[in-house]
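Summary of structural features
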Amino acid sequence: MFEEATQYTPGGVNSPARTFRAVGGTPFFVDRAEGAYVYDLDGNPYVDYVGTWGPAILGHAHPKIVKAVQEKAALGTSFGIPNPLEVTMAKRVCEAVPSVEKVRMVNSGTEATMSAIRLARGYTNRDKIIKFEGCYHGHVDSLLVKAGSGALTVGSPNSAGVPAAFTEHTVVLPFNDEEAVKQAFETYKGEIAGIILEPVPANSGLYPPKPGYLDSLREITRREGALLIFDEVMTGFRLAWGGAQEVFGVSPDLSCFGKIIGGGLPVGAFGGRDDIMDQTSPTGPVYQAGTLSGNPLAMAAGITALEELRSGEAYQQLEKSGAKLEEGILDAAKQVGLPVQINRLGSMFCLFFTDSPVRNFNDATKSDRDRFAKFFHGMLDRGVYLAPSQFETGFLSTAHKDDEEIEKTIRVVREVFKEL
Ligand SMILES: *Cc1c(COP(=O)(O)O)cnc(C)c1O
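Since this is a predicted model, take the numbers as computed values, not measurements.

1. A word on empty space enclosed by the protein
- Taken as a whole and judged by the stated rule, the model has two cavities of 30 Å³ or more.
- Taken as a whole, the largest cavity holds about 170 Å³ of empty space.
- As for the largest cavity, its lining consists of 18 residues, and the residues nearest its centre are Phe349, Leu351, Phe372, Phe375 and Leu386.
- For the lining of the largest cavity, the secondary structure elements donating two or more residues are α12 (313-336), β12 (348-352), α14 (369-381) and α15 (402-419).
- Looking at side-chain class alone, the lining of the largest cavity contains 12 nonpolar, five polar and one charged residues.

Here it is in structure tokens:
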């Protein structure tokens, strides 16, 4: 199947992160997934920690999401004129994330960040955007500079085909370094439209912001008349109901969402302060549009997913499972004297084979990638599927049960660690 795929599609995949190039071998194909498992074409089950790269926080084929999509599909899949589900979805996002007063639905995370920086530029009448090394914001031309895993995995931190002029206004700085941000605002006085960041970088490994760092960005952007944009495509509705901004208590001007809010269908969204959002077309001069934006299938899937997450119970369960998995892996490493670091926030985790803590992208690149590749295949051979790259984050779902999938995973990790 993979050979055939490579004949008709570049590299045989529709998104580079799916390739196995960083770990060797070829990806398996999946035609079915349920709960915590994906099944290959021979019917072999794998405990899935990729979760379609984030969206599957409730596991795969959640019965309520399947039902909602089936019911809505029968009523028409896209109308191109407002439908009530768009209003429900917008209300949910605004309720969950207080910094978001208005929201616009799009079809991917890429569209969300692309639109958000355009809006920031339009609103401030300035051109420059600060982004951070290792932060990934989708494949937006001007943000494809030192952008993390997909790019790292295929060995091109900066994409070909992006004219230098398109990134001329992108200022790339190291993450967790307040001084660098301060200097940039001095160098480009009155020119910076905004800062865009993953509040918890999770696309080049996973590492938390250091205490006070996000507050410092809030402070300096406010003082300098620039906008603070949180790209919560991954962390939104994942780290908490209110996303990373709830966890760290920092309110951005604009936020980007995707992944979980689509319940497994293609979705993105950007939202924020009322007066800023109203600069978007048709109320404002910043053009933005989408034929399939807010389509009833994606809205129904997303609304149903959010409904399941709303009570907050899921986040408690995920934290408990995450802690158990982390403990199990660290204990397994200790037993065989393997240098392992785990960075984890709730249901997001990343394992590095190094003996020093991983606090940023640079630290992450010091991890033993050959060992990671062996680890990846050892796990896969025993029915546990992790992302095929050192620089990706693992995701737990509520379908991963402590006394089943988590325990099995820890057992398998013990076996594989012994071989390493
Ligand atoms: C996945 C991701 C994106 C891009 O979303 P797509 O739907 O793949 O376009 C943007 N930002 C972050 C933080 C992401 O994790």
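2. Observations concerning the sheet that holds β12
- With respect to topology, three strands assemble into an open sheet ordered β11-β12-β14, the strand pairing being antiparallel. Unpaired on one side and paired on the other, β11 (341-345) and β14 (394-395) mark the two borders of the sheet.
- Note that β11 and β12 share five bridges and pair antiparallel. Across the sheet, Asn343 pairs through a bridge with Cys350, a residue of β12.
- Most of the contacts of α12 go to β11, to which it runs at about 175°, and overall it touches β11 and β12.

3. Here's the deal with the packing of helix α7 (residues 178-187) against helix α8 (residues 213-224)
- Two numbers describe how α7 lies on α8: the axes approach to 10 Å, and their chain directions differ by 10°. Put simply, α7 runs roughly parallel to α8. The residues of α8 that touch α7, namely those facing Glu178, Val181, Lys182 and Phe185, are Tyr213, Ser216, Leu217, Ile220, Thr221 and Glu224.

4. Some details on the site of the ligand
- Near the ligand you find Ser108, Gly109, Thr110, Tyr136, His137, Gly138, Glu198, Asn203, Asp231, Val233, Met234 and Lys259, and these make up its full shell.
- A distance of 2.8 Å is found between an oxygen atom of the ligand and a backbone nitrogen or oxygen belonging to Gly109.
- For the ligand, an oxygen atom lies 3.1 Å from a polar atom in the side chain of Asn203.
- Within the complex, the protein chains bury 84% of what would otherwise be the 380 Å² of accessible surface of the ligand.
- A per-class count over the shell around the ligand returns three nonpolar, six polar and three charged.

5. Topic: the domain arrangement of the protein
- As far as domains go, the protein holds domain 1 (2-62 + 312-419) and domain 2 (76-309).
- The C-alpha centroid of domain 2 is placed 26 Å from the C-alpha centroid of domain 1.
- In this assembly, 32 residues from domain 1 lie in contact with 30 residues from domain 2.
- Both faces considered, domain 1 and domain 2 share a buried interface measuring about 2600 Å² in area, 69% of it formed by carbon and sulfur atoms.
- Interface area lost by domain 1 to domain 2 is led by Tyr315, Leu345 and Phe361, which between them contribute 26%.
- Where domain 1 touches domain 2, the interface holds zero salt bridges.
- Linking domain 1 with domain 2 are 10 residue pairs in polar contact (both at pLDDT 80 or more).
- Classifying every residue of the side of domain 1 that touches domain 2 gives 20 nonpolar, nine polar and three charged.

6. Some details on the pairing of β12
- When you tally the buried positions in β12, you get five out of five residues, the bulk of the element.
- A two-sided burial pattern is seen for β12, the buried positions comprising Met348, Cys350 and Phe352 on one face and Phe349 and Leu351 on the other.
- Where β11 hands over to β12, the hairpin turn is made up of two residues, of which Gly346 adopts a positive phi near 55°.
- Bridging between β12 and β14 involves two bridges; their strand directions are antiparallel. Within β14, the residue paired with Met348 across the bridge is Phe395.

7. Notes on the environment of Val171
- Along the chain, the position of Val171 falls in strand β6 (residues 170-173).
- Residues Val171 and Gly25, spaced 146 residues apart in sequence, show a C-alpha to C-alpha distance of 37 Å.
- Ignoring anything within four residues of it in the chain, the contact list for Val171 reads Lys128, Ile129, Ile130, Lys131, Ala184 and Tyr188.

Criteria and cut-off values
Residues numbered from 1 in each chain as written. Predicted model: local features only at pLDDT ≥ 70, side-chain atom pairs only at ≥ 80, totals over all residues. Heavy atoms only, no water. 1 Å grid on protein atoms, 1.4 Å probe; cavity = no way out; pocket = protein on both sides within 12 Å on 5 of 7 lines; lining within 4 Å. Points joined across faces, edges and corners; volume = space filled by probe spheres on them. Helix = DSSP H or I, 4+ residues; strand = E, 2+ residues; numbered from the N terminus. Nonpolar A, V, L, I, M, F, W, Y, C, P; charged D, E, K, R; others polar. Pairing = 2+ DSSP bridges. Contact = heavy atoms within 4.5 Å. Axes fitted to C-alpha atoms, helices over the stretch in contact; angles between N-to-C directions. Parallel < 35°, antiparallel > 145°, perpendicular 65-115°, else oblique. Near = heavy atom within 4 Å. Polar contact = N/O pair within 3.5 Å; in protein donor to acceptor, adjacent residues only side chain to side chain. Areas by Shrake-Rupley, 256 points an atom, 1.4 Å probe, with all protein chains shown as cover. Domains from an automatic or database assignment. Buried area = accessible area lost by both parts, 1.4 Å probe. Salt bridge = Lys/Arg side-chain N within 4 Å of Asp/Glu carboxyl O. Buried < 20%, exposed > 50% of the residue type's maximum accessible area, 1.4 Å probe, protein only.

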